[in-house]
Amino acid sequence: LLADTLNSLAEKRLSPDKVRSDPVEMNKFKEDISAIFLSTIQTFDLRSGWIVFDSKNINGENVVSFSKDKNGTWKKEPEYDTTTLKPEENAWWVVPSEKGATNWSKEYFWEPWEMNIITYSKPFKAGGELLGVVGSEFV
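Quick caveat: nothing in here was measured; it's all calculated off a predicted structure.

What follows covers the packing of aromatic side chains. Scanning the entire structure with this criterion turns up 7 aromatic pairs. Centroid distance tryptophan 92 to tryptophan 93: 5.8 Å. Interplanar angle 65°. Geometry classified as edge-to-face. Looking at tryptophan 92, the relative accessible area reads 16%, which means it is buried. Put simply, the rings of Phe29, Phe53 and Phe124 pair up and form one aromatic cluster. Sitting above the plane of the tryptophan 113 ring, arginine 47 keeps its charged end 4.7 Å from the centroid.

Shown next as structure tokens:
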């Protein structure tokens, strides 16, 4: 439900043609959506939530991601270019972005939280176009 809600929030506020052709517009979108993303993640009482844009469709490092650290402090995660992701290590990205399907990871140990988690991810679409991936982690 969190991924669906984040997807809906971003889709309603994003103009794909504007952000694709203008990095200033993309930065404005990320600034505008960040507070509502964080508030929504907190409302769902989860430890993370994010949207990662495909760098092949929207140039640059375009990520809106928040997580709660092991001390309970919220932080905005760094942005990165998705073309640097290794497919064999990133099914959370590959399955939604290349196959258009949702993905539940296998359980894995996440060092920053010092616990086992599972990642859920799904395609992010706006204007009928696949633009990235949205999801969350579960303890």
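Alright, that's what it looks like, and here's the rest.
When a strand is regular, its side chains alternate between the sheet's two faces. By the criterion of burial, strand β1 (residues 48-53) is predominantly enclosed, with 6 of the 6 residues buried. With burial as the criterion, each face of β1 is covered, one bearing Ser48, Trp50 and Val52 and the other bearing Gly49, Ile51 and Phe53. Pairing of β1 with strand β2 (residues 63-68), which is carried by 5 bridges, proceeds in the antiparallel orientation. Counted as the bridge partner of glycine 49 is phenylalanine 66 from β2.

What counts and what doesn't
- The numbers attached to residues start from 1 for each chain and follow its sequence in the written order.
- Note on the predicted model: pLDDT of at least 70 is required for a residue's local features to be given, and 80 or more for side-chain atom pairs to be given and counted; whole-chain, interface and lining totals, by contrast, use all residues.
- Each side-chain value is derived from all of the structure's non-hydrogen atoms; neither hydrogens nor water enter the calculation.
- Planes of paired rings set the category: under 30 degrees apart is stacked, over 60 is edge-to-face and the rest tilted, where pairs are Phe, Tyr or Trp rings (Trp by its six-membered ring) whose centres lie within 6.5 Å.
- Relative accessibility thresholds used throughout: buried, under 20% of the residue-type maximum; exposed, over 50%; partly exposed, between the two (1.4 Å probe, protein chains only).
- A positively charged side chain is recorded as over a ring if its NZ (Lys) or CZ (Arg) lies within 6 Å of the ring centre. The angle to the ring normal must also be within 35 degrees.
- Helix numbers and strand numbers start at the N terminus; a helix is a DSSP run of H or I with at least 4 residues, a strand a run of E with at least 2.
- A pair of strands is treated as paired once DSSP finds two or more bridges between them.

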